Amino acid sequence: MAIKFQKIEDCIQETGLKLLVIGASGAGKTVLLGTCKGSTVIINVEAGLMSLSKTKNKNIQVLTIRDLHDLEEALSYFKQKGCPDWICVDSISEIAEAVLASEKLKTKNDLKAYGEMATIVTGLIKEFRDLPCNVIMTSKEARVKDENVGMLYEPSLPGAKLSAQISYYFDFVLAMRIFKNEQGEISHFLQCNSDGFYTAKDRSNTLNLFEPPDISLLEEKVKRPVSSTKTKAA
């Protein structure tokens, strides 16, 4: 292998941003996908794209996935034909649940079925993550009661092992949050760092705790030269 040194910004430009977006039903995860800038392919598993009917991005194409074979074909296509600017998987939770259902048909051993599901889905996540473009995966939100902390909000996938590990595969883990003011007006935000209750992280260390729900703005902020990036508040 020929040795090739790169600047950090060049490496990020080549590999793209890798994001996991976690949120409850109705939080705005699918709407968020419409804020990507440039050519975008949404891999539709949940069959709930009505919320994108008024998106301003006219470069969105939809690929509806029925089973694991379809998803593997999509991966093969992107590897051979090239990728758009953004690939969005909506959602990895639905994919994991479908894979688990399939594995349970093959064995009566639930432990084995969950293990096979975790192996398959982890492999899929890594393959999508390694594509040379920006990748977003959405995940359902799980609420877990902790005796010491209270309610924790985490990715919701079948199997504790997969749920615990999935965040490690992404540069950004963003929690879709909904706030209601005293007048009853609702606002949506992306939480970009953990507060001890919501699972979130930002490896770029450039995002504030809360950011507007706009992927194009996040991309611009992350890729902005360091000298002109606003210093994050302590």
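So, here is what we can say about the structure in this document. (Residues numbered from 1 in each chain as written. Predicted model: local features only at pLDDT ≥ 70, side-chain atom pairs only at ≥ 80, totals over all residues. Heavy atoms only, no water.)

With that settled, the discussion passes to the overall build of the chain. A tally of helices and strands in the chain yields seven helices and 10 strands. The proportion of buried residues among the 234 residues of the chain is 42%. Sequence-distant contacts in the chain: of pairs separated by 6 or more residues, those separated by 24 or more amount to 61%. As displayed, the chain offers around 13,400 Å² of accessible surface, 53% of which is attributable to carbon and sulfur atoms. (Helix = DSSP H or I, 4+ residues; strand = E, 2+ residues; numbered from the N terminus. Buried < 20%, exposed > 50% of the residue type's maximum accessible area, 1.4 Å probe, protein only. Contact = heavy atoms within 4.5 Å. Areas by Shrake-Rupley, 256 points an atom, 1.4 Å probe, with all protein chains shown as cover.)

On inspection of all chains with the given rule, the structure shows four aromatic pairs. With a centroid separation of 5.9 Å and an interplanar angle of 75 degrees, the aromatic rings of Y77 and F78 are classed as edge-to-face. Among the aromatic residues, ring-to-ring pairing joins F179, F189 and F210 into one connected group. The ring of Y198 is capped by R177, whose NZ or CZ atom sits 3.9 Å from the centre of that ring. (Phe/Tyr/Trp six-rings, centres within 6.5 Å; stacked < 30°, edge-to-face > 60°. Lys NZ or Arg CZ within 6 Å of the ring centre and 35° of its normal.)

Going through the model one piece at a time under the given rule, you end up with 10 salt bridges. Two residues, D70 and R66, come together in a salt bridge whose shortest N-O distance is 3.2 Å. We classify D70 as buried; its relative accessible area is 11%. The partner of E127 in a salt bridge is K79, and the shortest N-O contact between them spans 2.3 Å. Of this pair, E127 sits in helix α5 (residues 110–129) while K79 sits in helix α3 (residues 68–81), placing them 48 residues apart in sequence. (Salt bridge = Lys/Arg side-chain N within 4 Å of Asp/Glu carboxyl O.)

Another aspect to go through is a nonpolar patch on the surface. There is a patch of nonpolar side chains on the surface, built from F179, F189, L209 and F210 and spanning about 300 Å² of accessible area. Tracing the backbone through its elements, the reader meets F210 in strand β10 (residues 210–211). Here F210 falls in the partly exposed class, since its relative accessible area comes to 33%. (Patch = residues over 30% accessible without salt bridge, like charges linked within 9 Å, V, L, I, M, F, W, Y side chains within 5 Å.)

In this structure, I43, I92 and F128 are the most contacted members of the largest nonpolar core, which totals 32 residues. Of all elements in the fold, only β1 (18–23), β2 (40–44), α3, β4 (86–90), α4 (92–104), α5 and β5 (134–146) reach the threshold of two or more residues within this core. Among the elements that make up this core, the one with the highest residue count is α5 (six residues). Apart from the residues lying within four places of it in its own chain, the contact partners of I92 are L20, V121, I125, M137, T138, S139, L157 and I166. In terms of nonpolar packing, the next biggest core, distinct from the first, is built from 21 residues, C36, L52, M176 and L190 among them. (Core = buried A, V, L, I, M, F, W, Y, C linked by side-chain atoms within 4.5 Å.)

Taken by themselves, the reported measurements are silent on function.
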